Amino acid sequence: MRILYLVHQFFPKYYTGTERFTLGLAKQMQKMGHSPTVLTYEMDLDEIGFEHLVGEVHIKPYTYQSVPVVAIKRMSRRTRYQVFDTEIEQAFERLGLEFDLLHVCHPLWLGSVVRSCKKRRIPSVLTLTDAWLLCPRETLLDTSFRLCSGPEAGSRCVSNCGFPSDIRQRYKDAMDLLEMVNLVTTSSHFTASLIKRNGYKGDVRVIRHSIDYRYVSRTTDGTQKELVLGFIGTIMWHKGLHVLLRAFRKVRAPTTKLRIYGSLTHDPTYAREMLEMSRGDSRIRFEGSFEIERLPEIMQNISVLVIPSVYYENYPLVMLAALAHGIPVIGSEIGGIPEVIKHGENGMLFEAGNSDELALLIEQIAERNMVIEKLRSNIVPPRRIEEEALDYENIYMKLTSK
Amino acid sequence: MQESTPKYIDKDVDLREEGDSRTQQVLMVGENKKVLEVGPASGYVTRALRERGCHVTCIEIETKAARVASKFSNKMICGNIETLDLGKVLRREKFDVILFGDVLEHLKDPGAVLRRLRPHLKSSGHVVATVPNIAHGSIRLLLLDGIFDSQRTGIMDSTHLHFYTRKTICELFRESGYRVQQIKEIKVPISAAENLKIDLGKYPQELVEALESDSEATVHQFALTAIPARMSTRARIVSEHRTLVTRELRSKMSRRLLSDPLSMLLGLYSAREDLQKAFPEVRKGDYGRLIDWVSNVIKNRTDAYRLFLRHAPWYDDNPISSEPQLERLREELLSRIANLEAHSITLENELVSQRKRATNLENELQARLKAAVSERDSLSTELRSIRDREASLENEVARTREHAANLENELVSQRKHATNLQSQLALSLEDGLERRKELEAAIAERELINTSLKERDSRIRELEAERHSVRTNLIYARLELDGIKSGLGFKIIRFYGGIIDRALPDGTRRGEFKNIVKVSLSIASSQGIATMASLAFEKLKRREFRLTRNYARLADRQTGSSELVATRMEGHQTRLTVESPLLSSTKPTLVSRTAMVSGWVVSDKPIDEVRVYLDDEFLGLAYYGLPRPDVGLAFPTYPDALHSGFQKLIILDERVRGQHKLRITVQTRDAILCEADGVVSFEDSPLGEFVQFPLHETQHTQNLNTRVSVIILTKTPPSDFDYSLERIRNQIGVSEIEIVIISSGPNDLSYYAKKYGAKIITISPSEFNHAATRTFAAENATGEYIAFLVDDAIPAGNDLLATMVQTLADEDVGAVTVRQIPRSDSDLLYCQSMWWHYRMLGFNHDRIVGSERIDELAPEKKRAICQIDDVCSCFRRQTFLKYKYAGGYAEDLELGIRLARGGYKIAQLYSVGVIHSHNRPPSYHLRRSYVDFMALSRLLNYKVLNFVAWSVSSEKDLFDLILRTYSSLNFAVDELRASQFHGYDIQECFKTLRDQLQVHMVARKTRSQNNDLDNILHRIGEMIGYDGTESKEFSQNPVTEGYVGSLGVFQEWLINTHKSIENLEEEFVDTLYKLFAIQVGHQLAQFASHTESKHREDDQNSLGRFLSQGI
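The following refers to the structure shown. Since this is a predicted model, take the numbers as computed values, not measurements.

**Some thoughts on the overall build of chain A**
Inference 1: Looking only at helices and strands, one finds 14 helices and 15 strands in chain A.
Inference 2: Taken across its 402 residues, chain A has 63% of its residues classed as buried.
Inference 3: Accessible area of chain A: about 14800 Å², with a carbon and sulfur share of 50%.

Here is the structure:
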């Protein structure tokens, strides 16, 4: 089966959770005898190696880890929240890619491809990995960093975030897009109910994300002498590193350490604040960004992973990676996190943003080594990429056999 | 040396006029001398000197004067004596006399000039200088009048830089290393002093007299001679001190000695004190010697005095009347002298140590000098390189100039062109002017239309504003509701959360309990809110929006939440309202890390900016100009009232909690129009509107009330065995799972028994048999259903067991088998063989298959129907024990055939599966393919190749053909690598492979980079006694044909799944060798079955046993 994966950005330049999900799925599909192609978008106008296709659109075909990729670039600045783009649609049709099924892993920039496939009656699946379709700011956080439960058909975007009133059209476009695909899937019940609550009438199937166990090696025996907390993720406000730092500074445990993995370049102002917050505390160490191959080594270095997000997390892959490595997770009780982390079983939960509560939890595990051991022994390793691929393959087969 | 307009005395020197300073100069120089004259002006003195036989070299600053004077001088140097390089212009010339005629007072640093010229003075030579006396009576009188004006000539010449008295001129010479020998005074009466016009009559008679009695007051100029001091500076100073002191003492003592000895002593002491005061820089050691000398003098004088007394008894005034008194006095003096002597010794010692230090310092200085010299050398080399660079730069400059000239020429031609264009332009301009007139008429018309349009626009705006206000009111109502909602709900939830936390200890699943409470509370509160909302809506509906009341309502809102500041200045009025956060309020505003400051402001003066200050720190400008239709309606007379809103997002960082002073100022570019401030109090609220979504309860499929035994065979448990067992344990949909592990290896598996409650059955490795061992395990299992799993298979999904068991609900189904999903790290070979295998079987969907005439079917069809894969299969225990596994290898297929014969159907499920694959070396594939073929040909009656037709008569023949193919493959791989895999083009790569394989190689290349394959081929060669010598001719090569066939399958799969082999090159080559290994095994097996019919079973050679090992 020829499958076209659509994703807003892709390796090797971009490597967040959605890209990893797309790559993992495409590669496993190859193993299972299918022919995947990734169609992606390049937003950096200065990126080289592109050839002209039509109008403003340029393309660059390449292979990433045996997966064929086509990157599209439009030579003008666009707003990130626009759902459809006629020029992209025309260019896609000109591109003449042949495939039996479309799987949208993220519809940003390339949403019009869905419209084109609908016209050509090519079946399609859309996986919601974040709240972009609902929120033009992508995070469901308003301008003063407060959580928002949804756009209310765009009126909230106008009132809370100061968007012009034509943002309502975007909401309609997003809903149209959802209607166009044959099946909407997501990895958390949270996101499923979020999208339904905000006006999507169709069915949303929950297919849990998974882990490629090639990048997992459980060599730790769990008898670490010192407690090392880990933070792995982009250092941006919504990921909540400030909550963790605030909590950690309150904890007076001299042997407890905190290691922070993640690029400091996404939001340099925030990153500087974080460095400022941790100044003078030798227990805290910033380790910078890392390659996926180093994940087992990083997981070996930490005893607990903290996910202090203050926005609606869908189903963080790093949480699964930690569990796959047998590392308990302390997470905000927000979004899809509590669907995996059960308080006192395989990790702990605290009220999102509440650094006092987090500090209490850290103190609790710092004082009693047994707590970690207990949590560790209760961890059920998350499922494998092969299983997720099987779920999707069954869906693909059903859709194409219609 | 004059520096301004020359003011020369244009009169010849007359040696008879002694009052003329120039006469003195000439006389003091003497006759037939070699003279250096500094500042000769027009050369009058020079001329007189030449007449007296002198050889005169002149240095003059003024070019004009130098030209005149050069007529008289022997040599004329024109230049500034202070800056001239004397070494260059005078070389090593030495002079008898150096003459400064009225020059020193004009120099900036006369001392330096004197010192620099000293080397040019012969040791017997002297300096002659004349300088004006500033202490002349006329100057003194003028100073009394407060006048110190400069004049064109004379003492107060405007170009004088220094003013000397007798004392200071002497000091100048002394300090410059000269000793003044002779000073002559050139006198001019006070009243006659040049052009100063002193009227003596206007001064008191006594003053004038006192002045005139002072001999210095009439000295107009000093003419002096000086010789170079020969002593060291310090010695000279000391000697000068000595002279001075002597003189002083002499004068003091000569006056006092005669009066009384006591006064003399006092004089001596005061003299000493005076000395110390006068020369603080003189060293104490020197004083010692000085005092030595002085005391000698005193001693002599005292003796003399005593003599004097003895011989002059008539001296009446003598206060020392008796000898003893004198004696006492003398004793006293002597003791004092002794003290002084002791002191002088200590001072001397000190001098010695100081000298040592000086020597050290000198040494150090020399070392530094050396360093400086080396530095100079390096600098000079650097200088050389810089010069070289300079030269190259000069060349470049020349080139650039040339280029510039070219450009200039071009410019000229361009200008000509421009002039042409200009004339053309002028013509078209005229044309354009006419058209403009036409346009102007059209514009006037358009303006008329515009005004009417504007009128319509303003009308529309009014209407829109009205609509906006209504809508805004609605939004406010909704916001109010939201506030109530979040405030109420949150408080309750937090309150109960706290209670639960305190009440329930750890580990009591407090989190879940809390969630339940939260959910029920949120439902309860949302119901309450719904009631409240409907009430509010009713209220809203009743409310009438009268436009006239807008202002009143605005004010209403203000009273609660913000304050209105109105200012009137210079006839202007401004109104400012801060709506958020609440100023001067005790109720805290809930904020996260940031807060929004918002409000509106109107003024009849244009507003330029709205500034926001927090705790008096300027945070920035607010964004002003946001639409505020409500304000526009309330204040229609103000301009911009419709867009009077402002907003500023402020970042609070760490200072969130607590009270802060917030100030907002509204300003034009240079004045503050209006200002509002107050205390705001913030409280940290990390969450805004937090929506708790109900936790999803996993929908369990209804549990089948049955026990399933999962039987796993293992020798050495794989690394992720734990993971597999975990997944089995977590299967849902069946009420009980029994895990039975059969171990034929040495490992202790009690860990698994403990952790997963597994039943462990250990057998010895020799007892192991694919069929019998599985059957044995099934007999020991207790479940109604039994599922067989290999130890490295992982169930995909947690409903695998349930699905299989449910499928077996159909009594016709005898066995369920599921699909294998390659692991994410599996190699290309495994993926492509599974794909090919399932394609061969037509297995790409869930199916339940069976046939009543199973034995009549073709082998492939038979295999497709009877396929059971014991990587994962499931049976009713009863059925299984009835049939059991039998035979050896391929026991699963064998059982499938028997089940089919028994009328059972087999369920083959494609939508569920196990994750399973191996990455094995070529040698394994070779053996495996041998064993597979042997088993399958027996079970399915495969037809074998007719080797006779291929003229292959022995194993050696076959092996020779194998090596030929292998050799071609090795050459092909080399070529692929050399061509860099044809740009990763799949088709091209396979074309090369096929082309190369068809070529019969003369040269043999039976070693590849694949050691594993090399080794097993070598072993096989050894076993069949192949020595490589016999090489007969074959028309065709069945090995190559078979291999090319399998390459075709590989190519098809690769094209189906990949677009290129980029990043896969090595894996691609690996796969080629593994495929070859499979082909070798296959061929060997075919040949073995071909000869089996001829030979007896146990004759089956040792090769067969070797190849069956470990499979």
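**Focus on the overall build of chain B**
Inference 1: Of the regular secondary structure elements, chain B holds 31 helices and 26 strands.
Inference 2: The buried share of chain B, reckoned over its 1111 residues, is 43%.
Inference 3: For chain B, the share of sequence-separated contacts (at least 6 apart) that also reach a separation of at least 24 residues comes to 74%.
Inference 4: In the structure as shown, chain B presents an accessible area of about 60100 Å², 52% of it carried by carbon and sulfur atoms.

**Brief notes about the sheet that holds strand S14 (residues 329–332) of chain A**
Residue and element names in this part refer to chain A.
Inference 1: Reading across from one edge, S12-S11-S10-S13-S14-S15 is the order of the six strands in this open sheet, with parallel pairing throughout. Each having just a single partner strand, strand S12 (284–288) and strand S15 (347–350) make up the two edges of the open sheet. The mean inter-strand angle of the sheet, taken between neighbouring strand axes irrespective of direction, is 20 degrees.
Inference 2: Contacting strand S10 (228–232), strand S11 (257–261), S12, strand S13 (304–307) and S15, helix H7 (residues 241–250) crosses the sheet at an angle of about 165 degrees to S11.

**Some remarks on the pairing of strand S18 (residues 704–714) of chain B**
A regular strand places its side chains on the two faces of the sheet in alternate fashion.
Residues and elements named next belong to chain B.
Inference 1: With eight of 11 residues buried, S18 lies mostly within the body of the structure.
Inference 2: Crossover connection from S18 via helix H16 (residues 721–729) to parallel strand S19 (residues 734–743): handedness right-handed.
Inference 3: Note that S18 and strand S21 (residues 785–790) share six bridges and pair parallel. Bridge pairing in S21 links Ser709 to Ile786.

**Some points on the packing of aromatic side chains**
Residue and element names in this part refer to chain A.
Inference 1: Scanning the entire structure with this criterion turns up 37 aromatic pairs over all chains.
Inference 2: Taking the centre distance of 6.2 Å and the plane angle of 35 degrees together, the rings of Tyr392 and Tyr396 count as tilted. Of this pair, Tyr392 and Tyr396 both sit in helix H14 (residues 385–401), four residues apart, which is roughly one turn of that helix.
Inference 3: Under the relative-accessibility criterion, Tyr392 is labelled buried at 0%.
Inference 4: The buried category is assigned to Tyr396, whose relative accessible area is 0%.

**A word on the side chain of B:Gln832**
Residues and elements named next belong to chain B.
Inference 1: Along the chain, the position of Gln832 falls in helix H20 (residues 828–841).
Inference 2: The exposure class of Gln832 is buried, given its relative accessible area of 4%.
Inference 3: If sequence neighbours within four positions are ignored, Gln832 has contacts with Val1049, Phe1050, Trp1053 and Leu1075.

**A short note on the environment of B:Val1069**
Residues and elements named next belong to chain B.
Inference 1: Here Val1069 shows up in helix H30 (residues 1065–1092).
Inference 2: Between the C-alpha atoms of Val1069 and Val973, which are 96 residues apart in sequence, the distance is 7.1 Å.
Inference 3: If near-sequence neighbours (up to four positions away) are discounted, Val1069 is found in contact with Val973, Arg977 and Phe981.

**Structural notes on helix H18 (residues 770–780) of chain B**
Residue and element names in this part refer to chain B.
Inference 1: Of all the residues in H18, the buried ones are Ala771, Thr773, Arg774, Thr775, Ala777 and Ala778.
Inference 2: Contacts from the buried residues of H18 go to S18, S19, S21, helix H22 (877–883) and helix H23 (891–901).
Inference 3: Looking at where H18 begins, the residue whose side-chain oxygen comes 2.7 Å from the main-chain nitrogen of Ala771 is Asn769.

**Some remarks on H20(B)**
Inference 1: Across its 14 residues, H20(B) extends 20 Å between first and last C-alpha, which sits within 8% of the 20 Å expected from 1.5 Å per residue.
Inference 2: Following H20(B) by one or two positions, B:Gly842 adopts a phi angle in the positive range, close to 65 degrees.

**Re the sheet that holds strand S3 (residues 51–54) of chain A**
Residues and elements named next belong to chain A.
Inference 1: Spatial strand order, S3-S4-S5-S2-S1-S6-S7-S8-S9: nine strands in an open sheet with mixed pairing. Every other strand in the sheet has two partners, leaving S3 and strand S9 (204–206) as the edge strands with one partner each. The sheet shows a mean angle of 30 degrees between the axes of neighbouring strands, direction not considered.
Inference 2: Here strand S4 (residues 57–64) pairs with strand S5 (residues 67–74) via eight bridges, running antiparallel.

**As for the packing of helix H21 (residues 859–866) of chain B against H23(B)**
Residues and elements named next belong to chain B.
Inference 1: At a minimum axis distance of 8 Å, the contact between H21 and H23 shows a crossing angle of 90 degrees. When the interaxial angle is binned, H21 and H23 end up roughly perpendicular. When H21 is examined against H23, the residues Lys862, Arg863 and Cys866 are found in contact with a partner set consisting of Asp892, Leu893, Gly896, Ile897, Ala900 and Arg901.
Inference 2: In the contact of H21 with H23, the residues fall into four nonpolar, one polar and four charged.

**Here we look at the pairing of S10(A)**
Residues and elements named next belong to chain A.
Inference 1: Among the five residues in S10, five count as buried, and that is most of the element.
Inference 2: Side-chain alternation along S10 places Val228, Gly230 and Ile232 on one buried face and Leu229 and Phe231 on a second face that is also buried.
Inference 3: Relative to S11, S10 runs parallel, the two being bridged by five bridges. Counted as the bridge partner of Ile232 is Tyr261 from S11.
Inference 4: Regarding topology, H7 serves as the crossover connection from S10 to the parallel S11, and that connection is right-handed.
Inference 5: Where S10 meets S13, two bridges bridge the pair, whose relative direction is parallel. Counterpart to Leu229 in the pairing with S13 is Val304.

**A short note on the packing of H23(B) against helix H24 (residues 922–940) of chain B**
Residue and element names in this part refer to chain B.
Inference 1: Put simply, H23 and H24 touch, their axes get as near as 10 Å, and they point 10 degrees apart. Taken together, the axes of H23 and H24 are roughly parallel relative to one another. Packed against H23, whose contacting residues are Leu893, Glu894 and Ile897, the element H24 presents Leu936, Leu939 and Leu940 at the interface.
Inference 2: Grouping the constituent residues of the contact of H23 with H24 by class yields five nonpolar, no polar and one charged.

**Focus on a negative patch on the surface**
Inference 1: Among the surface-exposed residues, B:Glu430, B:Asp431, B:Glu434 and B:Glu438 lie close enough to one another that they form a single negatively charged patch.
Inference 2: According to the relative accessible area criterion, B:Glu434 is exposed, its value standing at 53%.

**Description of the pattern of salt bridges**
Residue and element names in this part refer to chain B.
Inference 1: Scanning all chains against the criterion turns up 66 salt bridges over all chains.
Inference 2: Of the charged contacts, one joins Arg47 and Glu51 as a salt bridge, the two residues approaching to 3.9 Å between their closest N and O atoms. Here Arg47 pairs with Glu51, and both are found in helix H2 (residues 44–51), just four residues apart, close to one helical turn.
Inference 3: Residue classification places Glu51 among the exposed residues on the basis of a relative accessible area of 63%.
Inference 4: The salt bridge partner of Lys991 is Asp995, with a shortest N-O separation of 3.6 Å. With Lys991 and Asp995 both in helix H27 (residues 986–998) and four residues apart, this pair spans about one turn of that helix.

**Some points on the side chain of A:Ser66**
Inference 1: Checked against the element boundaries, A:Ser66 lands in the loop between S4 and S5.
Inference 2: Accessibility expressed as a relative area gives 7% for A:Ser66, which makes it buried.
Inference 3: Every residue in contact with A:Ser66, bar those within four places of it in the chain, is listed here: A:Gln30, B:His1058, B:Glu1062, B:Asn1063 and B:Leu1064.

**Some remarks on a positive patch on the surface**
Inference 1: Together, A:Arg168, A:Lys172, B:Arg467 and B:Arg471 make up a region of like positive charge exposed at the surface.
Inference 2: Elements with a contribution of two residues or more to the positive patch: helix H5 (167–180) of chain A together with helix H12 (323–503) of chain B.
Inference 3: Here B:Arg471 lies in helix H12.

**A few points about a nonpolar patch on the surface**
Residues and elements named next belong to chain B.
Inference 1: A cluster of nonpolar residues, Leu143, Phe148 and Phe163, forms a patch on the protein surface that exposes about 270 Å² of accessible area.
Inference 2: By secondary structure assignment, the location of Phe163 is in the loop between helix H6 (137–144) and helix H7 (166–175).
Inference 3: Residue classification places Phe163 among the partly exposed positions, given a relative accessible area of 35%.

**Considering the environment of B:His1082**
All names here are of chain B.
Inference 1: Turning to its location among the elements, His1082 is positioned in helix H30.
Inference 2: Under the relative-accessibility criterion, His1082 is labelled partly exposed at 28%.
Inference 3: Through-space distance from the C-alpha of His1082 to that of Arg927 is 8.9 Å; in sequence the pair is 155 residues apart.
Inference 4: If near-sequence neighbours (up to four positions away) are discounted, His1082 is found in contact with Ser929 and Phe933.

**Comments concerning unusual backbone geometry**
Residues and elements named next belong to chain A.
Inference 1: In this structure, the amide linkage connecting Phe11 to the following residue, Pro12, adopts the cis form with an omega of 0 degrees.
Inference 2: Summarising the element assignment, Pro12 is placed in the loop between strand S1 (2–6) and helix H1 (17–31).
Inference 3: You will see that Trp109, though not glycine, has its phi angle at about 70 degrees, which is positive.
Inference 4: Its location among the elements puts Trp109 in the loop between strand S6 (101–104) and helix H3 (112–119).

Thresholds, definitions, all that
- Residues numbered from 1 in each chain as written.
- Chains lettered and ligands numbered in written order.
- Predicted model: local features only at pLDDT ≥ 70, side-chain atom pairs only at ≥ 80, totals over all residues.
- Heavy atoms only, no water.
- Helix = DSSP H or I, 4+ residues; strand = E, 2+ residues; numbered from the N terminus.
- Buried < 20%, exposed > 50% of the residue type's maximum accessible area, 1.4 Å probe, protein only.
- Areas by Shrake-Rupley, 256 points an atom, 1.4 Å probe, with all protein chains shown as cover.
- Contact = heavy atoms within 4.5 Å.
- Pairing = 2+ DSSP bridges.
- Axes fitted to C-alpha atoms, helices over the stretch in contact; angles between N-to-C directions.
- Right-handed = clockwise from strand over helix to strand, strands pointing away.
- Phe/Tyr/Trp six-rings, centres within 6.5 Å; stacked < 30°, edge-to-face > 60°.
- Polar contact = N/O pair within 3.5 Å; in protein donor to acceptor, adjacent residues only side chain to side chain.
- Expected span 1.5 Å × (residues − 1).
- Parallel < 35°, antiparallel > 145°, perpendicular 65-115°, else oblique.
- Nonpolar A, V, L, I, M, F, W, Y, C, P; charged D, E, K, R; others polar.
- Patch = residues over 30% accessible without salt bridge, like charges linked within 9 Å, V, L, I, M, F, W, Y side chains within 5 Å.
- Salt bridge = Lys/Arg side-chain N within 4 Å of Asp/Glu carboxyl O.
- Lys, Arg positive; Asp, Glu negative; His and termini not counted.
- Charge placed at Lys NZ, Arg CZ, Asp CG, Glu CD.

Scope: geometric values only; no functional claims are made or implied.
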